[in-house]
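Descriptive analysis of the structure
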Amino acid sequence: MASPTSSPFATTSSIGISRLSSISRSSVWRSNCFPSSSHHLFFTKIRTSRRAPGLLPVTRVASDRDLKETVSDNGVSNLPSVHEPSSIASSIKFHAEFTPSFSPEHFSLPKAYRATAESVRDALIINWNATYDHYDKENMKQAYYLSMEFLQGRALLNAIGNLELTGKYAEALKQLGYTLESVATQEPDAALGNGGLGRLASCFLDSLATLNYPAWGYGLRYQYGLFKQNITKDGQEEVAENWLEQMGNPWEIARNDVSYQVKFYGKVVDGSDDKKHWIGGENIKAIAYDVPIPGYKTKTTINLRLWSTTVPSQDFDLASFNAGQHSKANEAHQNAEKICYILYPGDESLEGKILRLKQQYTLCSASLQDIVARFERRSGNSVNWEDFPAKVAVQMNDTHPTLCIPELMRILIDIKGLSWDDAWKITQRTVAYTNHTVLPEALEKWSLDIMQKLLPRHVEIIEMIDEQLINTIIAQYGTVDLVILEKKLREMRILDNVDLPPSIAQQFIKPKEQKSTIKSKGKSLTEIEEPSSQPPKEEPKSSTVTLTEVKTKKDALVEEIEEEKVEEEEVEEEDEVFLKSDPEKPKLVRMANLCVVGGHAVNGVAAIHSEIVKDEVFNSFYQMWPQKFQNKTNGVTPRRWIKFCNPGLSDIITKWIGTDDWVLNTEKLSQLKQFAENEELHEEWREAKRTNKIRVASMIRERTGYIVSPDAMFDIQVKRIHEYKRQLLNIMGIVYRYKKMKEMTEAERIKSFVPRVCIFGGKAFATYIQAKRIVKFITDVASTINHDPEIGDLLKVVFVPDYNVSVAELLIPASELSQHISTAGMEASGTSNMKFAMNGCVLIGTLDGANVEIREEVGEENFFLFGARAEEIAGLRKERSEGKFVPDPRFEEVKKFVRSGVFGIHNYNELMGSLEGNEGYGRADYFLVGKDFPSYIECQVEVDEAYRDQKKWTKMSILNAANSAKFSSDRTIHEYARDIWDIKPVILP
């Protein structure tokens, strides 16, 4: 049990350091901040209760006495630091001296950031304690969101914004000689995610807290993140993130009293207690780090729990170390700690695959042990496992947390002693799955051999679930038509390329036939017939031949054959096996299928995506269990993505609507529509946009050295670099634009083209060679165009290195055109498209993902549409494979231009070659860049024409923002809470 002073959210506040003499250090301030006899916030010991064997206790939050003394009726701390800039400044000074991460000589900007963050955390902890004290007392159902990624971004401005203290902190820092903006920029982005998956998870946490839903997030604490992206003359270079090295993470608090054992390898044995026991192997320890997540204008502050991995000190091999075998001595620590080194480690090697699987199981095992311990603690002395689904909802964000299903089964059966049937019912009612992709390679399939070695007990459980599923499929489709049955089993089984379980396979085995094939003179033994019991139609001539004579003839023939030494004497036909595995192919565990089978709900993340999930990806499951499938269109938080990142536009919206209630009720944004043609609003709108563009121009110059004009259109595509997202289509369009410009006179260029700054951002996975080629190509095109004096400001191309949330918070408010141009039917949803629309950006895109719904909401006339439809894609690929596709001459012209060497000496044959041919890996333009190219460049002409009419463009911009209400994550979370999790808002007293 933790002592009070080891409380993970316990803090100390007082006044500042003597070197900042403008604000005195005073014991009066301390007594005002903490009127109770204690000057600290403590966690108290938990109530005595039954716990899971071997699990460490979980502490609860502050005592009632502390809460009464430090929290007011409206949920805001009574600490003067919450109210007065001078008190806030004193708190910052105190942390600079007494909770230092820097040397005391200078009050530098990094030091000012760290101290400011710690002072904000003090205020968060009060409400965090109150939140979970109330949750413990109420013991309501709680949702747990498990995700391999949480792309939080910077926390400082978001936290003080949600606490409504932005102005107070700005004034306090001004007293200390700094601006809030300069201090905030010192915060590194938390490297806990990469793309839309992690950003969605973070938006959901913000909405859960804001809407007062009881929920936690669970993830891993990556030391080095995915990677930090540098752009060099060779393209993308990856280096380790250093977000924790610079100044640590002031928002997290290590929960050294909350840790769980996670096991790998070993073996499963049957115990004398009739239970399975997973013994031996490698054990690591997962330690909790908690990050408070404040809601907007509410007391509710929920928790993101991140797991870090290590082993106990006794696992350090001191004898080996003293013998000079230093690597061996530290091997156990290294094996444990590397689990949380990197997000998505390369998995082309066996070691990489094992490490990824270890990451996923660590997340699932530690989180579920923690969830089970909390359920038991809150249940007190009356633990009823049938109530578990009524108290716990587990959401798997994509397939990475799939092992939650067999892990929960293992805990319930092996540790808690439940029967298989009871454990299975509980698991299915507890767990739900969000699908985020239709790409086959992203629907994870793990090697059965690897999983068998690493997680032997889980493979046993998965095999039993698979067998249960097979029986369900057979019951559904019968055994009359084995062709249909085989098709369904191949599609739906969890285990791929694995023989049917013996108990089931036996039903389909045809009896062996044994035939003699001893041949002589053209006849086999079977060709000498025994006398028939039925009279022949025609009496044979030698009708008087007896059985004895037949046998004599047969014996003679056998002797004759033996003398001739025929090579093959007898062949036994093998059993005809139904659904036999192929020894040349790997045996796999299909994680997505396990998710569908083991959960009670499966949801897509956009309307079109959810239809594809039902009609294509999981069609057989949908036919069997249609009630499981739902749509939950993604959303983004309007707090971070309008109010805090775009304060100028936010103020304009509030002014014209007459209230800032739209931040919580985005439906009120629609009131802007009545002013869509108001010239005064237009002027303010354009001025806010231009201010944001100036900020971005400054950032671009700082990061790349390129100088861009804020008077040009800012055309932005920022997302993970992937062929299906088609950054290649964008840059090919830019090359075409550049080529046409070069063929014109200056006057013709100015007349034909609107000035543009084309901005790219995003990371290519380190092992994704084609994506890295695209990055290299973009940067080479940028270098050529940006140094062409004939083109000047008419066209600039920029690749912003190391794209992250903080960069997005600059780019999105400044955007005027945003490109969401994925191959139709391949993007599940997208969330950046929603952020751009909310900020008054006009989109160009295909009918893919959430683009479909955005276009419906903002109006067809306010969205630039091009490209093939999702239902056409399969036919177009077939047409290509048959050699019937004829490329547009303009597309061929661009490829020839690229190959001419105009963009440098780099060889682009591999990249251009991927757009050519009719078949083959890496060929045949699988993502239909060439097919959509004509439609794309013609649509870009429409964009130029619309932008020339600034009145029209500004109206389009306003209507995009005004009609974006649907895409708030608040709406999405309400739907999850109502339709999947069955949880209700809990308002703190």
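Provided above is the structure to which this section pertains.
Everything quoted here is computed from the prediction, not taken from an experiment.

**A look at the overall build of the chain**
Scanning the chain from terminus to terminus reveals 40 helices and 26 strands. Across the chain, every contact between residues at least 6 apart in sequence was considered, and the portion connecting residues at least 24 apart equals 78%. When the accessible area of the chain is evaluated, it comes to approximately 41,100 Å², of which 49% is carbon and sulfur surface.

**Focus on the pairing of strand 22 (residues 756-761)**
In terms of burial, strand 22 is a largely internal element, six of the six residues being buried. Burial along strand 22 is two-sided: the face carrying Arg-756, Cys-758 and Phe-760 and the face carrying Val-757, Ile-759 and Gly-761 are both buried. Where strand 21 (residues 713-718) meets strand 22, six bridges bridge the pair, whose relative direction is parallel. Paired with Asp-715 across the strands is Cys-758, a residue of strand 22. Note: strand 22 against strand 23 (residues 795-800), six bridges, orientation parallel. Residue pairing for strand 23: Val-757 is matched across the bridge by Lys-796. A crossover connection joins strand 22 to the parallel strand 23 through helix 31 (residues 769-786); in handedness this β-α-β unit is right-handed.

**Side note on the side chain of Thr-298**
Of note, Thr-298 is situated in the loop between strand 8 (282-294) and strand 9 (301-310). A polar contact of 2.6 Å, which involves the side chain of Thr-298, links it to the side chain of Asn-212. With residues up to four places along the chain from it excluded, the contact list for Thr-298 reads Ala-209, Thr-210 and Asn-212.

**Let's talk about the sheet that holds strand 1 (residues 142-146)**
The mixed open sheet is built from nine strands, whose spatial order is 5-8-9-2-1-10-11-19-20. Strands at the two margins of the open sheet, each flanked by one partner only, are strand 5 (253-264) and strand 20 (629-631). Each neighbouring strand pair of the sheet contributes to a mean axis angle of 25°, computed without reference to strand direction. As paired elements, strand 5 and strand 8 share nine bridges and run antiparallel to each other. Residue pairing in the sheet places Ala-254 in a bridge with Tyr-289 of strand 8. Most of the contacts of helix 14 (residues 350-379) go to strand 5, to which it runs at about 115°, and overall it touches strand 1, strand 2 (215-220), strand 5, strand 8, strand 9 and strand 10 (392-397). Its contacts with the sheet put helix 40 (residues 969-981) on strand 1, strand 10, strand 11 (431-434), strand 19 (602-604) and strand 20, and the angle it makes with strand 10 is roughly 115°.

**A closer look at empty space enclosed by the protein**
According to the stated counting rule, one finds eight cavities of 30 Å³ or more in the structure shown. Approximately 350 Å³ is the volume found for the largest cavity. Contributing to the lining of the largest cavity are 30 residues, with Gln-152, Gly-153, Arg-154, Ala-155 and Val-291 lying nearest its centre. For the lining of the largest cavity, the secondary-structure elements that each account for two or more residues are helix 5 (109-138), helix 6 (156-162), helix 9 (196-210), strand 8 and strand 9. Here the lining of the largest cavity is composed, by residue class, of 17 nonpolar, seven polar and six charged.

**Some points on the side chain of Lys-488**
Along the chain, the position of Lys-488 falls in helix 20 (residues 482-492). We note that Lys-488 is buried and unpaired, the nearest opposite charge coming from Glu-491 at a distance of 4.5 Å. Within polar-contact distance, the side chain of Lys-488 engages the side chain of Ser-620 at 3.1 Å. Look past the residues within four positions of Lys-488 in its chain and what remains in contact with it is Ile-473, Tyr-477, Arg-493, Ser-620 and Gln-623.

**Description of the nonpolar core**
In this structure, Trp-307, Met-451 and Trp-981 are the most contacted members of the largest nonpolar core, which totals 163 residues. The greatest single-element share of this core, amounting to 12 residues, is contributed by helix 14. When residues no more than four places from it in sequence are discounted, the contact partners of Trp-981 are Lys-141, Ala-143, Tyr-145, Leu-208, Ala-393, Gln-395, Ile-973 and Tyr-976. Core analysis: the second largest hydrophobic core is formed by 112 residues, Ile-642, Leu-649, Trp-662 and Tyr-768 among them.

**Quick notes on the pattern of salt bridges**
Tallied over the full model, the rule gives 64 salt bridges. Taking the shortest distance from any N to any O, the salt bridge between Arg-640 and Glu-809 comes out at 2.6 Å. Here Arg-640 is found in helix 26 (residues 638-644), whereas its partner Glu-809 is found in helix 32 (residues 805-814), with 169 residues between them in sequence. We note that Arg-640, like Glu-809, is buried. The partner of Glu-816 in a salt bridge is Lys-693, and the shortest N-O contact between them spans 2.8 Å. Of this pair, Glu-816 sits in the loop between helix 32 and strand 24 (817-820) while Lys-693 sits in helix 28 (residues 679-704); the two residues are 123 residues apart in sequence, bridging distant segments of the chain. Taking relative accessible area as the criterion, Glu-816 reaches 7% and is therefore assigned buried. Taking the relative accessible area as the measure of exposure, Lys-693 reaches 4% and is therefore buried. Among the charged side chains, a salt-bridge network with shared partners connects Arg-255, Asp-257, Asp-290, Arg-305, Asp-370 and Arg-374.

**Considerations on helix 17 (residues 420-430)**
Along helix 17, the residues that are buried comprise Trp-420, Ala-423, Trp-424, Ile-426, Thr-427 and Thr-430. Buried residues of helix 17, seen end-on, are gathered within an arc of 165° and therefore sit on one face of the element. Set apart from the buried face of helix 17 by more than 90 degrees, the exposed residues are Asp-421 and Lys-425.

**Brief notes about the layout of surface pockets**
Put simply, the second largest pocket is a space of about 800 Å³. What lines the second largest pocket is a set of 31 residues, among which Val-438, Pro-440, Leu-443, Glu-616 and Val-617 lie closest to the centre. Among the elements of the structure, helix 20, helix 23 (591-598), helix 24 (607-617), helix 25 (619-624) and helix 35 (873-881) are those that each provide at least two residues to the lining of the second largest pocket. No other element matches helix 24, which puts six residues into the lining of the second largest pocket. Of the residues belonging to the lining of the second largest pocket, the class tally is 18 nonpolar, four polar and nine charged.

**Some remarks on the sheet that holds strand 26 (residues 863-865)**
Strand order in the open sheet made by the six strands is 23-22-21-24-25-26, with parallel pairing throughout. Two strands in the sheet have a free side with no partner beyond their single neighbour: strand 23 and strand 26. Going across the sheet, the axis of each strand differs from the next one's by a mean of 20°, ignoring polarity. Set on the sheet, helix 34 (residues 851-858) makes contact with strand 24, strand 25 (842-845) and strand 26; between it and strand 26 the angle comes to about 135°.

Reading guide: rules and limits
- Residues numbered from 1 in each chain as written.
- Predicted model: local features only at pLDDT ≥ 70, side-chain atom pairs only at ≥ 80, totals over all residues.
- Heavy atoms only, no water.
- Helix = DSSP H or I, 4+ residues; strand = E, 2+ residues; numbered from the N terminus.
- Contact = heavy atoms within 4.5 Å.
- Areas by Shrake-Rupley, 256 points an atom, 1.4 Å probe, with all protein chains shown as cover.
- Buried < 20%, exposed > 50% of the residue type's maximum accessible area, 1.4 Å probe, protein only.
- Pairing = 2+ DSSP bridges.
- Right-handed = clockwise from strand over helix to strand, strands pointing away.
- Polar contact = N/O pair within 3.5 Å; in protein donor to acceptor, adjacent residues only side chain to side chain.
- Axes fitted to C-alpha atoms, helices over the stretch in contact; angles between N-to-C directions.
- 1 Å grid on protein atoms, 1.4 Å probe; cavity = no way out; pocket = protein on both sides within 12 Å on 5 of 7 lines; lining within 4 Å.
- Points joined across faces, edges and corners; volume = space filled by probe spheres on them.
- Nonpolar A, V, L, I, M, F, W, Y, C, P; charged D, E, K, R; others polar.
- Lys, Arg positive; Asp, Glu negative; His and termini not counted.
- Salt bridge = Lys/Arg side-chain N within 4 Å of Asp/Glu carboxyl O.
- Core = buried A, V, L, I, M, F, W, Y, C linked by side-chain atoms within 4.5 Å.
- Arc of directions from axis to C-beta.

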